[in-house]
Structure formats: C-alpha cells, structure tokens
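Inside the fold
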Amino acid sequence: NKVNYSIFKKSFLKNIDKDEGEFILFENKIQKVLDLGILLRSGKFEEVINLLGILNQSDPNQTYLKNSEFIFTKRFNEEKNLDYLYAVAISQIIQRKISAAQHTIEKILESDYENPNIYLVKTLVEIYLLNPKNADIALTKYNLLNKNEVSNKNEDFINILNKIINIMNFNLTKIIGIFPIN
C-alpha cells in the first residue's frame, strides 16, 4: 500500500507540474498536517495553533490542506489508522469545511470515544454550526472524561465555551452570571 501510495504521490505531483524541490516541500507539509492531527488527538491545542501559523506563512493559499484531506482520507480507507482521520479532521476544520469535519469527528468517536480532546474539538465544531445543544453535550462529555486530569490549562477556555453555549441557548440565569449587574 505504501509503495503504491508513493507512486500515486509522485504521479499526482507530475500531473500538476511540480519539480522535485516543490515535491519535498509538499511532502513535508503533508507530514506536518499528520503532526497537527496527532497534536490535536493528544490535546496540545496551543502547539496546533503555533504549527498552523508556520505552515500558513509558507503557503497562504493553503493548497496543502486540500491535498492532505485527499491523501489522508485515502490512507485511512486503506489502513484504518486513526491518526490519518485526525489529519483529515484538522484539514477540514482549517478549510472551514465544518459539516465535513463534523462527519469526520463522528467517525473518530466511533473508535476514540474515550479521548476527551476530540469532544473539545466537537464542541467547537458544534458551536460553529450553531448547535448549542450538541456543543453542550460534547463539552459535558469532555468534562466527564477529563475530570481526573490534573490540569487547569484549559479551564479558562472551557469557561468561555460554557458562556458561548449559554448565550446560544438564551439561558438567562447563566447569562446574568456572565454579566453581573451591579
């Protein structure tokens, strides 16, 4: 499979008139998207944002994302490696293909349902899709799975997500708590 895939990559690039130097840069960006997926899976969100900034500076058109989505979808279908599916999800999210990302996240959850980090990503996607009920369910699941985690690193972020969900739900009692009246 990997040999066939390498041949596919080289013929794909030849068809779009890429030289060897551009092929190396292209291949590195594809690897970096896989790295982004692995970071996403492990909950290293700050590192995801930092790496994205570097990648986008070198390719402001983000063509590597379209290619990554295609390549990692194909790899996942052949090998069923969940890291590839995380790479697809991050590619879709960055491209703002949020409905596709929602579907990919659901596929991830079929196998990786005990990973709290994917529920945090699902919360963000559901907020983007204006689904506060689903966002709340995902955030609750994140909190349940993450309750034993000794980390306040995401606490402020979680509070912000809760506030957004409450505003989206027009939950007045909780909204008043967000904006106290003096």
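**Let's talk about the overall build of the protein chain**
Regarding its fold elements, the protein chain presents 10 helices and zero strands. If you list the helices and strands of the protein chain from N to C, you get α-α-α-α-α-α-α-α-α-α. Taking all 182 residues of the protein chain together, 41% fall into the buried category. Relative to all contacts within the protein chain whose residues are 6 or more apart in sequence, the contacts with residues 24 or more apart total 57%.

**Things to note about the packing of helix 4 (residues 63–79) against helix 5 (residues 82–94)**
Running from amino to carboxyl end, helix 4 crosses helix 5 at an angle of 155°, the nearest separation of the two axes being 8 Å. As the angle between them shows, helix 4 and helix 5 are arranged roughly antiparallel. Helix 4 and helix 5 meet at a crossing whose hand is left-handed. Only Leu82, Tyr84, Leu85, Ala87, Val88, Ser91, Gln92 and Ile94 of helix 5 make contact with helix 4, whose side of the interface consists of Leu65, Ser68, Glu69, Phe72, Thr73, Arg75, Phe76 and Glu79. Its residues assigned to classes, the contact of helix 4 with helix 5 comprises nine nonpolar, four polar and three charged.

**Overview of the packing of aromatic side chains**
Counted by the stated rule, this structure contains one aromatic pair. Seen from their ring centres, Phe72 and Tyr84 are 5.7 Å apart, and the 25° between their planes marks the pair as stacked. One end of the pair, Phe72, is in helix 4; the other, Tyr84, is in helix 5, and 12 residues separate them in sequence. Both residues of the pair, Phe72 and Tyr84, count as buried.

**Remarks on the environment of Gln102**
Tracing the backbone through its elements, the reader meets Gln102 in helix 6 (residues 98–111). You can call Gln102 partly exposed: its relative accessible area is 23%. Measuring from C-alpha to C-alpha, the distance between Gln102 and Leu124 comes to 10.0 Å, with 22 residues separating the pair along the chain. With residues near it in sequence (within four places) discarded, Gln102 still touches Val125, Glu126, Leu129 and Asn131.

**As for the confidence of the model for the protein chain**
Looking at the protein chain, pLDDT values average 80 and 75% of them are 70 or higher. Averaged pLDDT values for the elements of the protein chain fall to 43 in helix 1 (residues 2–15) and rise to 96 in helix 6. For the stretch residues 1–24, pLDDT sits under 50, and the model shows 15 contacts to residues farther than four places along the chain or on other chains.

Rules used in this analysis
- Residues numbered from 1 in each chain as written.
- Predicted model: local features only at pLDDT ≥ 70, side-chain atom pairs only at ≥ 80, totals over all residues.
- Heavy atoms only, no water.
- Helix = DSSP H or I, 4+ residues; strand = E, 2+ residues; numbered from the N terminus.
- Buried < 20%, exposed > 50% of the residue type's maximum accessible area, 1.4 Å probe, protein only.
- Contact = heavy atoms within 4.5 Å.
- Axes fitted to C-alpha atoms, helices over the stretch in contact; angles between N-to-C directions.
- Parallel < 35°, antiparallel > 145°, perpendicular 65-115°, else oblique.
- Left-handed = near helix turned anticlockwise from the far one by under 90°.
- Nonpolar A, V, L, I, M, F, W, Y, C, P; charged D, E, K, R; others polar.
- Phe/Tyr/Trp six-rings, centres within 6.5 Å; stacked < 30°, edge-to-face > 60°.
- pLDDT = per-residue confidence, 0-100.

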